[in-house]
Amino acid sequence: MEFYSSLFLVQETNIHKRKILSDAEIYQRLQDLQHWQIKDNKLSYTHQFQNFVEAINFVNCLVIPAETANHHPDIAISYNQVTINLTTHDVGGLTLLDFELATTISQLIKTWKSDKQCKF
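Residues numbered from 1 in each chain as written. Predicted model: local features only at pLDDT ≥ 70, side-chain atom pairs only at ≥ 80, totals over all residues. Heavy atoms only, no water.

To continue, consider helix H3 (residues 52-61). Each full turn of the α-helix corresponds to 3.6 residues, which orients residues three or four apart in the same direction. Buried within H3 are the following residues: Glu54, Ala55, Phe58, Val59 and Cys61. Projection of H3 onto a plane perpendicular to its axis shows the buried side chains occupying an angular sector of 155°, all on one side. Considering only its buried residues, H3 is in contact with helix H4 (63-69), strand E3 (74-78), strand E4 (81-86) and helix H5 (96-111). Sitting at the amino-terminal end of H3 is Asn51, which places a side-chain oxygen 3.2 Å from the backbone nitrogen of Val53. (Buried < 20%, exposed > 50% of the residue type's maximum accessible area, 1.4 Å probe, protein only. Helix = DSSP H or I, 4+ residues; strand = E, 2+ residues; numbered from the N terminus. Arc of directions from axis to C-beta. Contact = heavy atoms within 4.5 Å. Polar contact = N/O pair within 3.5 Å; in protein donor to acceptor, adjacent residues only side chain to side chain.)

Bringing the confidence of the model for the chain into the picture now. When pLDDT is low, close inspection of the predicted coordinates is not appropriate. Averaged over the chain, the pLDDT score is 87; the fraction of residues at 70 or greater is 82%. A low-confidence stretch, residues 1-12 (pLDDT under 50), is modelled with five contacts involving residues beyond four sequence positions or located in other chains. (pLDDT = per-residue confidence, 0-100.)

The next subject is the sheet that holds E4. Here we have four strands laid out as an open sheet, ordered E1-E2-E4-E3, and antiparallel in their pairing. The strands lining the two open edges of the sheet, one partner per strand, are strand E1 (37-39) and E3. Going across the sheet, the axis of each strand differs from the next one's by a mean of 30°, ignoring polarity. The pairing of strand E2 (residues 42-48) with E4 spans six bridges and is classified as antiparallel. Note on E4: the bridge partner recorded for Tyr45 is Ile84. Each of E3 and E4 is contacted by H3, which is oriented at about 170° to E3, the strand it contacts most. (Pairing = 2+ DSSP bridges. Axes fitted to C-alpha atoms, helices over the stretch in contact; angles between N-to-C directions.)

Residue placement: Gln31 occurs in the loop between helix H2 (23-30) and E1. Here the side chain of Gln31 touches Tyr27 through a polar contact of 3.1 Å, landing on its backbone oxygen.

Relative to the elements of secondary structure, Asp90 occurs in the loop between E4 and H5. A relative accessible area of 56% means that Asp90 is categorised as exposed. Expressed as a C-alpha distance, the spacing of Asp90 and Arg18, which sit 72 residues apart in the sequence, is 8.6 Å.

So, in structure tokens, the structure goes:
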């Protein structure tokens, strides 16, 4: 029962963050994210790691922030390259949740070490 109460609290808190952003708001927020771009109405980022194992380890580090935000990225892995796409599927566009998770992912990438440790 505690899990469901926590989940409801997260969803209730995020309701105001699920409003579709205007083009001007998207452009403004995109200025704060290095290496991210808009592709097919999604916030997109690709990063190349040293090898497949490191790429997979990094993707595993995305579980906690995605679950905490109750917002999950679309992820594609091609050997050592990871592409992350963010959109708020249930409202059909980009929202504050997408930019918040992109910021978190960018911070994880900045602190990523070749020892494959998640730095939260």
